[in-house]
Amino acid sequence: MEPLIEARMWHPVVQSSSLQESPLGVQLLGQSVVLWRDDAGTPHAWADQCPHRGAKLSLGRVCAGRLECPYHGWQFAVDGACVKVPALPGFVPPAGHAARVFGIEEHYGLLWVQLEADPTRAVPPFAAESDGGLRKVLCGPYDVATSAPRIVENFLDMAHFGFVHEGWLGMREATAIDDYTVESTPSGLRATQCKAWQPQSNVHSTAPAQVEYTYEVVAPYTACLTKIPDAAGVAVQGYRESIALFISPLTPTSSRVWFRLAMVDFESPDTKLQDFQHTIFMQDKPVLESQTPQCLPLDVRAEAHTAADKASSAYRRFLKQERITFGVC
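Residues numbered from 1 in each chain as written. Predicted model: local features only at pLDDT ≥ 70, side-chain atom pairs only at ≥ 80, totals over all residues. Heavy atoms only, no water.

Novice: Explain the overall build of the chain here, please?
Specialist: Assigned secondary structure in the chain consists of four helices and 17 strands. Against the 2.2 N^0.38 benchmark of 20 Å for 329 residues, the chain shows a C-alpha radius of gyration of 22 Å, consistent with a compact globule. Dimensions of the chain, computed from the C-alpha atoms along their principal axes, are close to 75 × 50 × 35 Å. Relative to its 329 residues, the chain shows a buried fraction of 50%. With 27 positive and 36 negative side-chain charges, the chain shows a separation of 5 Å between the mean positions of the two kinds. (Helix = DSSP H or I, 4+ residues; strand = E, 2+ residues; numbered from the N terminus. Rg over C-alpha atoms; globule rule 2.2 N^0.38 Å. Buried < 20%, exposed > 50% of the residue type's maximum accessible area, 1.4 Å probe, protein only. Lys, Arg positive; Asp, Glu negative; His and termini not counted. Charge placed at Lys NZ, Arg CZ, Asp CG, Glu CD.)

Written out as structure tokens, the structure reads:
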């Protein structure tokens, strides 16, 4: 069977601060992964399976900078090589006794894993991260019983604001979607001139305002938005914000979600900013989990479409073009 193209992409798996002294088991693309830190604090990601008898390495411990299997005490160095077999003190383990090693990097407060090495691919960009005029806050994780593509498509959709987020991001009296522009990019798509009338577009809103959005899909399971509300309806002068959606595809129909906020606000506590985002996503979550099928249909005949769905239709075409198979049908 041909390896998943998604395995060559980088995916978030856990908040960096969650990985401490003990090994941590996670799931990615249906693969069990163990994360651990060596004595220098450097993170590592391996298949969560001892090559000896298949025990989960995440049940083991870190010992003198090595990962020790919980079953027979085999120890593995940072490069995955087996360096100790307690039952045979004089035995020199061959290369075939090594653990399976994955790529791992740290960005945006998260650890990202790549299951199949591909040096041409990088962790998805979030342009606002390097903007010193914006404060960054991580929200999540949220476990959602649906596919990653369904969650991205919801993120791009404005037509649900007046119903799912009534009184917050939308109102039933103003649900018409004006025409907007969608263009393809090398990493996905960009939608501009997206406008919505919102009672409370952000945590600092003081009055309903017209808000203009720009959406970008920068990887199959990563999207970003920027929004600038009418200055008269916001308490903070010069307020602007960007939000990144990072999704870990656990299985074809289950996902873990984080939001990375970048905004002009260096005063509010993290909890205030996180609570607003939590409220919005908790409104989305039950609707997302109600959708059938849970995978995202790429056949244009499978679901009905309108002109208001231009961004999501372009996203489906992008997934098809990229030969994405995990979470689509």
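Novice: Would you mind going over unusual backbone geometry with me for this structure?
Specialist: Generally, phi is negative for residues other than glycine and the peptide bonds are trans, each holding for most cases. Omega for the peptide link from glycine 140 to proline 141 comes to 5°, which places this bond in the cis form. Within the element layout of this structure, proline 141 appears in strand 11 (residues 135-144). For the peptide bond that leads from threonine 292 to proline 293, omega is -5°, which places it in the cis range. Along the chain, the position of proline 293 falls in the loop between helix 3 (270-290) and helix 4 (310-321). You will see that tyrosine 108, though not glycine, has its phi angle at about 60°, which is positive. Relative to the helices and strands, tyrosine 108 is located in the loop between strand 9 (101-107) and strand 10 (110-114). Here tyrosine 108 falls in the buried class, since its relative accessible area comes to 13%. A positive phi is found at glutamine 193, a non-glycine position, where the angle reads about 60°. With relative accessibility at 44%, the residue glutamine 193 sits in the partly exposed group.

Novice: Before we go on, may I ask you to explain the sheet that holds strand 5 (residues 61-63) in this structure?
Specialist: In any sheet, the strands associate via hydrogen bonds between backbone groups, in a parallel or an antiparallel arrangement. In spatial order, the strands read 5-6-7-8; together these four strands make up an open sheet with antiparallel pairing. Bordering the open sheet on either side are strand 5 and strand 8 (82-84), each of which pairs with just one other strand. Bridge analysis of strand 5 against strand 6 (residues 66-68) gives three bridges, and the strand direction is antiparallel. Across the sheet, the residue bridging to cysteine 63 is arginine 66, located in strand 6. (Pairing = 2+ DSSP bridges.)

Novice: Can you help me understand the sheet that holds strand 9 in this one?
Specialist: Spatial ordering of the open sheet is given by 1-10-9-4-3-2, a layout of six strands whose pairing is antiparallel. Only two strands of the sheet have a single partner each, and these edge strands are strand 1 (11-15) and strand 2 (24-28). Taking each pair of neighbouring strands and ignoring which way they run, the sheet shows an average axis angle of 35°. Pairing analysis gives four bridges linking strand 1 to strand 10, with the strands arranged antiparallel. Paired with proline 12 across the two strands is tryptophan 112, which belongs to strand 10. (Axes fitted to C-alpha atoms, helices over the stretch in contact; angles between N-to-C directions.)

Novice: Please clarify how the state of the cysteines should be interpreted in this entry.
Specialist: In a disulfide, the sulfur atoms of two cysteines are covalently bonded to one another. Under the criterion given, the structure shown has one disulfide. The disulfide partner of cysteine 295 is cysteine 329, and the gap between their sulfur atoms is 2.1 Å. On the sign convention where negative is left-handed, the bridge of cysteine 295 and cysteine 329, at about 85° about the S-S bond, is right-handed. Of the two residues, cysteine 295 is situated in the loop between helix 3 and helix 4 and cysteine 329 in the segment after helix 4; the sequence distance between them amounts to 34 residues. Assessed through its relative accessible area of 15%, cysteine 295 is described here as buried. On the basis of relative accessible area, cysteine 329 is assigned to the partly exposed category, the value being 48%. For cysteine 50, which is in no disulfide, the shortest distance to another cysteine sulfur is to cysteine 69 and amounts to 3.7 Å. (Disulfide = S-S within 2.5 Å.)

Novice: Would you mind going over the environment of proline 23 with me for this structure?
Specialist: Along the chain, proline 23 falls in the loop between strand 1 and strand 2. If we skip the residues at most four places from it in the chain, proline 23 touches Val34, Leu35, Trp36, Leu57, Ser58, Gly60, Arg61, Val62 and Leu67. (Contact = heavy atoms within 4.5 Å.)

Novice: How should the packing of helix 1 (residues 148-156) against helix 4 be read in this particular structure?
Specialist: Two quantities define a packed helix pair, namely the angle between the helix axes and the distance between the axes. In the contact formed by helix 1 and helix 4, the axes pass within 9 Å of each other and the chain directions differ by 150°. By the angle between their axes, helix 1 is roughly antiparallel relative to helix 4. Read as a crossing pair, helix 1 and helix 4 show a hand that is right-handed. Of helix 4, the residues touching helix 1 (which contributes Pro149, Arg150, Val152, Glu153 and Leu156) are Ala311, Ser312, Tyr315, Arg316 and Leu319. In the contact of helix 1 with helix 4, the residues fall into six nonpolar, one polar and three charged. (Parallel < 35°, antiparallel > 145°, perpendicular 65-115°, else oblique. Left-handed = near helix turned anticlockwise from the far one by under 90°. Nonpolar A, V, L, I, M, F, W, Y, C, P; charged D, E, K, R; others polar.)

Novice: Can you help me understand the pairing of strand 3 (residues 31-37) in this one?
Specialist: Of all seven residues making up strand 3, five are buried, and the element is well covered by its neighbours. With five bridges joining them, strand 2 and strand 3 adopt antiparallel strand pairing. Considered in strand 3, the bridge of leucine 24 is made with leucine 35. Joining the antiparallel neighbours strand 2 and strand 3 is a turn of two residues, in which leucine 29 adopts a positive phi near 50°. In terms of strand pairing, strand 3 meets strand 4 (residues 43-47) through five bridges, oriented antiparallel. Residue pairing for strand 4: valine 33 is matched across the bridge by alanine 47. The hairpin formed by strand 3 and strand 4 contains five residues between the paired strands, and glycine 41 there has a positive phi angle of roughly 85°.

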